[in-house]
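What follows is each chain in one-letter form.
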Amino acid sequence: APSSIELKESKNGPKGSLDQEIEDQLPEALKPFIFKALKDLKDIPGLRKPSGGCLMHWLYGCCGCCCMSSALIRDGEIGLSWRLEEPILLDQGWHLWCDCFHKYQSKQPLTSHHIQHGPIHLIRVAKGMLGYAEDTKSGSPMLLVAGTHYIRKAEFKWGKFLDLNLPQNDIGALKIIRVDRGMVAYFFKEGELMVLQPGL
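How each quantity is defined
- Residues numbered from 1 in each chain as written.
- Predicted model: local features only at pLDDT ≥ 70, side-chain atom pairs only at ≥ 80, totals over all residues.
- Heavy atoms only, no water.
- Helix = DSSP H or I, 4+ residues; strand = E, 2+ residues; numbered from the N terminus.
- Buried < 20%, exposed > 50% of the residue type's maximum accessible area, 1.4 Å probe, protein only.
- Contact = heavy atoms within 4.5 Å.
- Areas by Shrake-Rupley, 256 points an atom, 1.4 Å probe, with all protein chains shown as cover.
- Pairing = 2+ DSSP bridges.
- Axes fitted to C-alpha atoms, helices over the stretch in contact; angles between N-to-C directions.
- pLDDT = per-residue confidence, 0-100.
- Phe/Tyr/Trp six-rings, centres within 6.5 Å; stacked < 30°, edge-to-face > 60°.
- Salt bridge = Lys/Arg side-chain N within 4 Å of Asp/Glu carboxyl O.
- Core = buried A, V, L, I, M, F, W, Y, C linked by side-chain atoms within 4.5 Å.

1. Comments concerning the overall build of the chain
Then, in step 1: A count of helical and extended segments in the chain gives 2 helices and 17 strands.
Then, in step 2: Counting across all 200 residues of the chain, residues that qualify as buried make up 34%.
Then, in step 3: Sequence separation of at least 24 residues holds for 59% of the intrachain contacts in the chain that already meet a minimum separation of 6.
Then, in step 4: About 12,200 Å² of surface is accessible on the chain, with carbon and sulfur atoms providing 53% of the total.

Here it is as structure tokens:
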């Protein structure tokens, strides 16, 4: 691996930021490790919808139960609860329970960058950023592109966010180098000069 990388202005080509999609810019060797974001938050697997029907009907059905509970999840929030050892995600709205095995935990703003609920991870990656995590079973990197990601995997280990506007990001033994238009990067590998053209 190169010990250092230098950026220099190129005499060819206009200056400016790269305008391709981030995943198109990544080297081919990293593309198998890219994870796509959810198209919509409603696509979160197992997201529990609010309780339907009449409140009085629900109260009547729970009459005599000592385990009644409720929670209001407002717009822009997601609720976290448990039924025994099973984690549950709650959609926006009123949730009503008559279940002694259920335990409401908390609610979190959907603007949070990382929400963990047991083995469930909700990760929001901003534009121009890349989420970096690791599959501890295989040792493979997991690269999360911009958007919201739902991951339920016991072997998932969250790492960090990578700002791809920076000239260099380190992910383990690998380096992601950003070269803007009008610039080139060079380094020496085993004594041989290597030149990187604009891109990632």
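2. Comments concerning the sheet that holds strand β9 (residues 120–125)
Each strand in a sheet pairs with another by means of backbone hydrogen bonds, the pair being arranged parallel or else antiparallel.
Then, in step 1: What the 3 strands build is an open sheet, ordered β8-β9-β12; its pairing is antiparallel. Each edge of the open sheet is held by one strand with a lone partner, namely β8 (114–117) and β12 (147–152). In this sheet, adjacent strand axes meet at a mean angle of 10° when their direction is disregarded.
Then, in step 2: With 6 bridges connecting them, β9 and β12 associate as antiparallel partners. By the bridge assignment, L122 is partnered in β12 with Y150.

3. Quick word on the pairing of β8
Consecutive residues of a regular strand have side chains that alternate between opposite faces of the sheet.
Then, in step 1: Of the two faces of β8, only the one carrying I115 and H117 is buried; H114 and Q116 on the other face are not.
Then, in step 2: Counting the residues between successive antiparallel strands, the hairpin from β8 to β9 contains 2 residues, one of them, G118, with a positive phi of roughly 65°.

4. Re the side chain of H121
Then, in step 1: Here H121 is to be found in strand β9.
Then, in step 2: For H121, the residues in contact, after removing those within four places along its chain, are H114, I115, Q116, H149, Y150, I151 and F156.

5. Regarding the confidence of the model for the chain
Then, in step 1: In this model, the chain carries an average pLDDT of 77, and 67% of its residues clear a pLDDT of 70 or more.
Then, in step 2: Counting interchain partners and residues more than four positions distant, the pLDDT-below-50 stretch residues 1–20 has 49 contacts.

6. Examining the sheet that holds strand β2 (residues 34–35)
Then, in step 1: With respect to topology, 4 strands assemble into an open sheet ordered β2-β11-β10-β13, the strand pairing being mixed. Single-partner strands in this sheet number two, and they are β2 and β13 (156–163).
Then, in step 2: Relative to β13, strand β10 (residues 129–135) runs antiparallel, the two sharing 7 bridges. Directly across from L130, in β13, lies its bridge partner L162.

7. So, the packing of aromatic side chains
Then, in step 1: Overall, the coordinates contain 2 aromatic pairs when judged by the stated rule.
Then, in step 2: Ring centres of W158 and F161 lie 4.9 Å apart, and the angle between their planes is 65°; this geometry places the pair in the edge-to-face category.
Then, in step 3: We classify F161 as partly exposed; its relative accessible area is 28%.

8. Re the pattern of salt bridges
Then, in step 1: Enumeration according to the criterion identifies 6 salt bridges in this entry.
Then, in step 2: In this structure, K107 engages E77 in a salt bridge whose closest nitrogen and oxygen atoms are separated by 3.8 Å. With K107 in strand β7 (residues 102–109) and E77 in strand β4 (residues 77–83), this pair connects stretches of sequence that are 30 residues apart.
Then, in step 3: E86 is paired through a salt bridge with R152; the nearest N and O atoms lie 3.1 Å apart. Note that E86 is positioned in strand β5 (residues 86–90) and R152 in strand β12, a separation of 66 residues in sequence.
Then, in step 4: What you see here is one network of salt bridges that share partners, running through K42, K49 and D91.

9. Observations concerning the nonpolar core
In globular proteins that are soluble, nonpolar side chains generally tend to be buried together.
Then, in step 1: Counting residues in hydrophobic clusters, the biggest one holds 10 residues: L26, L30, I34, L130, Y132, L143, V145, L162, L164 and I171.
Then, in step 2: The next biggest cluster of nonpolar side chains, apart from the first, holds 8 residues, and it includes I44, L80, I115 and L122.

10. Points about the environment of K39
Then, in step 1: Looking at the secondary structure, you find K39 in the loop between β2 and α2 (55–61).
Then, in step 2: Distance in space between the C-alpha atoms of K39 and H149 is 9.3 Å, their sequence separation being 110 residues.

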